[in-house]
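Working through the structure, step by step
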Amino acid sequence: MPGASAMHSLSWLDWLALACFLLCWAGYSALVDRHPALRRRSVIAAMDEHRRRWMQTMVTRENRIMDTNIVGNLMNSTSFLANTAIFILGGLVAMLGSPELGARVFGALPFAAVPDQAVWEMKIALLLVIFVRAFFELTWALRQFNYCSIVMGGISHDPVDDGRVAQAEMAAKVANRAAGHFNSGLRAYYFGLAALAWILHPLALIVASLLVMRELYRREFRSVVREALRG
C-alpha cells in the first residue's frame, strides 16, 4: 500500500517540515480571516470597505456599464487562476506516475534529497491537495462574482425606490465574500510554491513556508498599498 509505505519512509525531518508548512498555511489563514482585530488592520478589510463604497456609488449612476466592466475584469482574473489550477493538476497527476523522473532530475541537484517512490507520491499528493483547494476556492469566488453582477442588475434606477440601498449592501456583501474566497485561492498558490521546495529537501520546505508567510504578512499588513487604501 503506497500510502502506508510513504508514512514509514518519511524521516522525522520530513514530518517536522510538513508540520511547519501546515501550521504556516492554516495558522496564518485562520488568524487573518477569523481574528476580527487583526483582520481590521489588513489590506483585505480596507478593500472590503472600498467595495462597499463602490456599490453605494453605483446606485447613484444611471449608466452602470463601468460597474459591470469592473465585475467582468474580476471574473476574468479569477477564471484565469482557476483554469491555471486545472493545468497544474494535470501536470501533477502526470508527475505522480513518474517517480523515476524525480529521481533523475533531483538526483542531479547538489542539495536535493532523492525520494523513493512512496515519498515522491506523498510529496506530489500534497501539491494535488493544495491546488484542488485552490480550484474550489477560485471557482466558488467566480460564482459569487457572477451572483454579484446579477444583484447589481436588479437594482432599480428609480431614485425614490427605498430598496436600492439595501440591495447595494447585499451586492457589496456578495462581492466581499467572493473576494475572500479569491484571496484563499491565491494563498493556496503561494503555499503551493512553498510546497514545491519539499521535493528538494525538508529544510527547503521549512524555509519556503516561513518566507511565504512573511511575504503574505508584509503585503497584507505592511505594504505601501495598504497604507494608501487605508488613507
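The model shown is predicted, which means the values in this text are computed figures rather than measured ones.

A few words on the overall build of the chain. Helix and strand counts for the chain come out as 10 helices and zero strands. Secondary structure elements in the chain, listed N-terminal to C-terminal, are α-α-α-α-α-α-α-α-α-α. Looking at the chain as a whole, 42% of its 231 residues qualify as buried. Of the contacts made within the chain by residues no fewer than 6 positions apart, 79% connect residues no fewer than 24 positions apart. Accessible surface computed for the chain: about 12,600 Å², of which carbon and sulfur atoms make up 67%.

Right, let's talk about the packing of helix α2 (residues 12–34) against helix α8 (residues 164–200) for a bit. Running from amino to carboxyl end, α2 crosses α8 at an angle of 165 degrees, the nearest separation of the two axes being 11 Å. Taken together, the axis directions place α2 and α8 in an arrangement best described as roughly antiparallel. α8 is crossed by α2, and the crossing has right-handed handedness. The residues of α8 that touch α2, namely those facing Asp-14, Leu-18, Phe-21, Cys-24, Trp-25, Tyr-28, Ser-29, Val-32 and Asp-33, are Ser-184, Arg-187, Ala-188, Phe-191, Ala-194, Ala-195 and Trp-198. In terms of residue class, the contact of α2 with α8 is built from 11 nonpolar, two polar and three charged.

Here we take up the nonpolar core. Counting residues in each nonpolar core, the largest one holds 44 residues, and the members touching the most others are Phe-21, Leu-126, Leu-127, Ile-130, Phe-131, Tyr-189 and Phe-191. Of all the elements in the fold, those that place two or more residues in this core are α2, α4 (43–60), α5 (65–96), α7 (117–153), α8 and α9 (202–221). Top contributing element to this core by residue count: α7, with 12 residues. Not counting the four nearest positions on each side in its chain, Leu-126 is found in contact with Leu-18, Phe-21, Ala-195 and Trp-198. Core analysis: the next-biggest nonpolar cluster, separate from the first, contains 14 residues, Met-58, Val-151, Ala-171 and Ala-172 among them.

This paragraph deals with the side chain of Asp-48. Tracing the sequence through the fold places Asp-48 in helix α4. Excluding residues that lie within four positions of it along the chain, Asp-48 makes contacts with Arg-39 and Asn-176.

Bringing the pattern of salt bridges into the picture now. A side chain with one charge may pair with a side chain of the opposite charge, provided their charged atoms come close. If you walk through the whole model with that rule in mind, you get 13 salt bridges. In this structure, the salt-bridge partner of Arg-39 is Asp-48, at a minimum N-O distance of 2.8 Å. In this structure Arg-39 comes out as partly exposed when scored by relative accessible area, which is 23%. For the salt bridge of Glu-49 with Arg-53, the shortest nitrogen-to-oxygen distance reads 3.6 Å. With Glu-49 and Arg-53 both in helix α4 and four residues apart, this pair spans about one turn of that helix. Overlapping salt bridges, with partners in common, bring together Asp-33, Arg-39, Asp-48, Arg-51, Arg-187 and Glu-220 in one network.

By the secondary structure assignment, Ser-209 is in helix α9. Ignoring anything within four residues of it in the chain, the contact list for Ser-209 reads Phe-21, Cys-24, Phe-191 and Ala-194.

Conventions adopted
- Residues numbered from 1 in each chain as written.
- Predicted model: local features only at pLDDT ≥ 70, side-chain atom pairs only at ≥ 80, totals over all residues.
- Heavy atoms only, no water.
- Helix = DSSP H or I, 4+ residues; strand = E, 2+ residues; numbered from the N terminus.
- Buried < 20%, exposed > 50% of the residue type's maximum accessible area, 1.4 Å probe, protein only.
- Contact = heavy atoms within 4.5 Å.
- Areas by Shrake-Rupley, 256 points an atom, 1.4 Å probe, with all protein chains shown as cover.
- Axes fitted to C-alpha atoms, helices over the stretch in contact; angles between N-to-C directions.
- Parallel < 35°, antiparallel > 145°, perpendicular 65-115°, else oblique.
- Left-handed = near helix turned anticlockwise from the far one by under 90°.
- Nonpolar A, V, L, I, M, F, W, Y, C, P; charged D, E, K, R; others polar.
- Core = buried A, V, L, I, M, F, W, Y, C linked by side-chain atoms within 4.5 Å.
- Salt bridge = Lys/Arg side-chain N within 4 Å of Asp/Glu carboxyl O.

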